[in-house]
Amino acid sequence: MIKSYLKLIRAPGLFSLLGNTLASFAIFSLLNTQIPTNITQYFLILVISVCWYQVGMISNDIADFDEDSKERPFRPLPSGEIATRTAASLSIVFTLIALIISFHHSLLFGSFNILLGLSIFSYNFFTKNTIIGEVNMGLIRGLNWTLVLAYFSLFQLEIVLFACVIWLYTSVVTHISRFETAQLDPNTKNSSATLLAVSYTHLRAH
């Protein structure tokens, strides 16, 4: 069960979250030396980021269940290693954890996390197969980088601009990956679930 779950959430991608959240938190701290920061604040942001990552990976496989059943029957859900209902329950649990923690901190932080959660679900269930999905994926990455601003209820132009660069970069890479997959296999959807999962994990790692 544990091994199957680690496969479901693409566990290696979790390690990259440490670097991503640390980078954004460190940049914020350097730009705002007058604001006290500590490891507890960073850990809280990291926990929320980890929750959303798992929500994204799990809901991706739920959304692509039919496609995976035909093209990737070895994945945890179509193979029956993990029940779809169990996966959905886990996704809901991690969503609630992220929202409860964030709203406990502040209304703004909670509202920001609702936006991040909606971006993840809209991508997996609605926009993934469209050109909007590329922008949507970039938005997820950008919002993840600005979690630290929402936490401190502060607008920092430098970090916002940096998040915009990440948004653009992610959108372009997602588009290129989608195009290359279509060229390799014209009978496969441009938005292959495998491509999206690998791209998402790859982008998390950079």
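This text goes with the structure placed above it.
From a predicted model like this one, the values you see are computed outputs, not experimental measurements.

Draft legend 1. Summary view of the overall build of the protein chain. Across its full length, the protein chain holds ten helices and zero strands. Taking all 206 residues of the protein chain together, the buried fraction comes to 50%. Expressed as a percentage of contacts within the protein chain between residues at least 6 apart in sequence, the contacts between residues at least 24 apart total 75%. Surface summary for the protein chain: the accessible area is close to 10200 Å², and the carbon and sulfur share equals 73%.

Draft legend 2. Quick look at unusual backbone geometry. Here the phi dihedral of Arg 10 falls at roughly 50 degrees; this positive angle occurs in a residue that is not glycine. Arg 10 sits in the buried class, given a relative accessible area of 14%. Even without being glycine, Ser 153 reaches a positive phi, approximately 50 degrees.

Draft legend 3. Representation of the pattern of salt bridges. According to the stated counting rule, one finds seven salt bridges in the structure shown. The closest approach of N and O atoms between Arg 75 and Asp 61, which form a salt bridge, is 2.8 Å. Here Arg 75, found in the loop between helix 4 (65–71) and helix 5 (84–105), pairs with Asp 61, found in helix 3 (residues 39–63); they are 14 residues apart in sequence, far enough to count as distant. The network of salt bridges with common partners includes Glu 67, Asp 68, Glu 71 and Arg 72.

Draft legend 4. Expanded view of the packing of aromatic side chains. Applying the stated criterion to the full structure yields seven aromatic pairs. Residues Tyr 151 and Phe 152 carry aromatic rings whose centres are separated by 4.9 Å and whose planes lie at 80 degrees to one another, so their mutual orientation is edge-to-face. The structure contains a cluster of three or more aromatic residues connected by ring pairs, namely Phe 25, Phe 28, Tyr 42, Phe 109, Tyr 151 and Phe 152.

Draft legend 5. Seen up close, the nonpolar core. Core analysis: the biggest nonpolar cluster contains 37 residues, and Tyr 5, Leu 8, Trp 52, Ile 58, Leu 116 and Val 148 have the highest contact counts within it. Contributions of two or more residues to this core are made by helix 1 (2–8), helix 2 (12–31), helix 3, helix 5, helix 6 (107–127), helix 7 (132–145) and helix 8 (147–151). When neighbours within four sequence positions are excluded, Trp 52 is seen to be in contact with Thr 95, Ala 98, Leu 99, Asn 113, Leu 116, Gly 117 and Ile 120.

The rules we used
- Residues numbered from 1 in each chain as written.
- Predicted model: local features only at pLDDT ≥ 70, side-chain atom pairs only at ≥ 80, totals over all residues.
- Heavy atoms only, no water.
- Helix = DSSP H or I, 4+ residues; strand = E, 2+ residues; numbered from the N terminus.
- Buried < 20%, exposed > 50% of the residue type's maximum accessible area, 1.4 Å probe, protein only.
- Contact = heavy atoms within 4.5 Å.
- Areas by Shrake-Rupley, 256 points an atom, 1.4 Å probe, with all protein chains shown as cover.
- Salt bridge = Lys/Arg side-chain N within 4 Å of Asp/Glu carboxyl O.
- Phe/Tyr/Trp six-rings, centres within 6.5 Å; stacked < 30°, edge-to-face > 60°.
- Core = buried A, V, L, I, M, F, W, Y, C linked by side-chain atoms within 4.5 Å.

Honestly, that's just the spatial picture; any functional story needs more than this.
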